[in-house]
Amino acid sequence: MKPVTHALARKRRIPAAAVLLILAFLAAVLIFWPARPARAADGPSSEALALSLAAAVDLALASDEALEQARQAVSGSEADLMGARSGSLPQLSVGATWTHNLKKPVMFVPPEMAEIFGGATQVEFAQDYDLQGAVSLTWNLWTSGRLSAGQGAASELVSASRWRQQLVTDLVRYNAE
């Protein structure tokens, strides 16, 4: 009697060509992988950068992440202000629809009303091709102060963001000096 084995318990042999291909790939990676330079000891670097105080401050202002975040916050709050102002501008919407009917639309008429349409109980009421267009203009004339309050809040946010940016700039300068 043959013993029953589970399908996962069977051993599969990997072909020799696949093993050689994998070894060749690993050898190529090891040969062509860029070597990393050795790190210097924790002591002072032999290639120290000599900077003046003004150059050090300029470098700190150009590379500080908190200052870049403050700049981005100012840009974002200015965009919010533009969005708040756009609510008081008119908005124009234009739309069009082109329709090609495979069969003309038909309206069925009760027999009592057929003599109005010349005795016909089915009336075609559209063309094979149909173009419809629409133009809409909306403008908020009175919003009981909501738009002006939103603009005022957005303006104050821009002001606060600019103050924060100036504060971060002064802090970076102080730390660099």
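Refer to the preceding data block for the structure.
This text gives an overview of the structure that appears in the document. (Residues numbered from 1 in each chain as written. Predicted model: local features only at pLDDT ≥ 70, side-chain atom pairs only at ≥ 80, totals over all residues. Heavy atoms only, no water.)

### A few points about the overall build of the protein
Logical step 1: A tally of helices and strands in the protein yields four helices and four strands.
Logical step 2: Helices (α) and strands (β) of the protein occur, in sequence order from the N terminus, as α-α-α-β-β-β-β-α.
Logical step 3: Burial analysis of the protein (177 residues in total) assigns 11% to the buried set.
Logical step 4: Here the analysis covers contacts within the protein between residues at least 6 apart in sequence; of these, 74% occur between residues at least 24 apart.
Logical step 5: About 15600 Å² of surface is accessible on the protein, with carbon and sulfur atoms providing 61% of the total. (Helix = DSSP H or I, 4+ residues; strand = E, 2+ residues; numbered from the N terminus. Buried < 20%, exposed > 50% of the residue type's maximum accessible area, 1.4 Å probe, protein only. Contact = heavy atoms within 4.5 Å. Areas by Shrake-Rupley, 256 points an atom, 1.4 Å probe, with all protein chains shown as cover.)

### Topic: the side chain of S77
Logical step 1: Among the secondary structure elements, S77 is positioned in helix α3 (residues 65–86).
Logical step 2: In this structure the side chain of S77 is engaged in a polar contact, spanning 3.4 Å, whose partner is the side chain of S161.
Logical step 3: S77 has contacts with L157, V158 and S161, leaving out every residue within four places of it along the chain. (Polar contact = N/O pair within 3.5 Å; in protein donor to acceptor, adjacent residues only side chain to side chain.)

### Quick word on the packing of aromatic side chains
Logical step 1: Applying the stated rule across the entire model yields one aromatic pair.
Logical step 2: When the ring of W98 is compared with that of Y129, the centres are 5.8 Å apart and the planes differ by 25°; the resulting orientation is stacked. Here Y129 lies in strand β4 (residues 129–138) and W98 lies in strand β1 (residues 91–100), a separation of 31 residues in the sequence. Taken individually, W98 and Y129 each receive the classification exposed, so the pair is uniform in this respect. (Phe/Tyr/Trp six-rings, centres within 6.5 Å; stacked < 30°, edge-to-face > 60°.)

### Looking at the pattern of salt bridges
Logical step 1: Under the criterion given, the structure shown has four salt bridges.
Logical step 2: Two residues, E124 and K104, come together in a salt bridge whose shortest N-O distance is 3.9 Å. One end of the pair, E124, is in strand β3 (residues 122–124); the other, K104, is in the loop between β1 and β2 (106–108), with 20 residues separating them in the sequence. (Salt bridge = Lys/Arg side-chain N within 4 Å of Asp/Glu carboxyl O.)

### So, the pairing of β4
Logical step 1: A small share of β4 lies buried, amounting to zero of its 10 residues.
Logical step 2: Judged from the 10 bridges that link them, β1 and β4 form a sheet pairing that is antiparallel. Bridging from a neighbouring strand, A96 pairs with G133 of β4. (Pairing = 2+ DSSP bridges.)

### Concerning the packing of α3 against helix α4 (residues 146–176)
Logical step 1: Two numbers describe how α3 lies on α4: the axes approach to 9 Å, and their chain directions differ by 165°. By the angle between their directions, the pair α3 and α4 is classed as roughly antiparallel. As α3 packs across α4, the resulting crossing turns out to be left-handed. The residues of α4 that touch α3, namely those facing A66, L67, A70, R71, A73, V74, S77, E78, D80, L81, A84 and R85, are G150, Q151, A154, S155, L157, V158, S161, R162, R164, Q165, V168 and T169.
Logical step 2: Classifying every residue of the contact of α3 with α4 by side-chain character gives 11 nonpolar, seven polar and six charged. (Axes fitted to C-alpha atoms, helices over the stretch in contact; angles between N-to-C directions. Parallel < 35°, antiparallel > 145°, perpendicular 65-115°, else oblique. Left-handed = near helix turned anticlockwise from the far one by under 90°. Nonpolar A, V, L, I, M, F, W, Y, C, P; charged D, E, K, R; others polar.)

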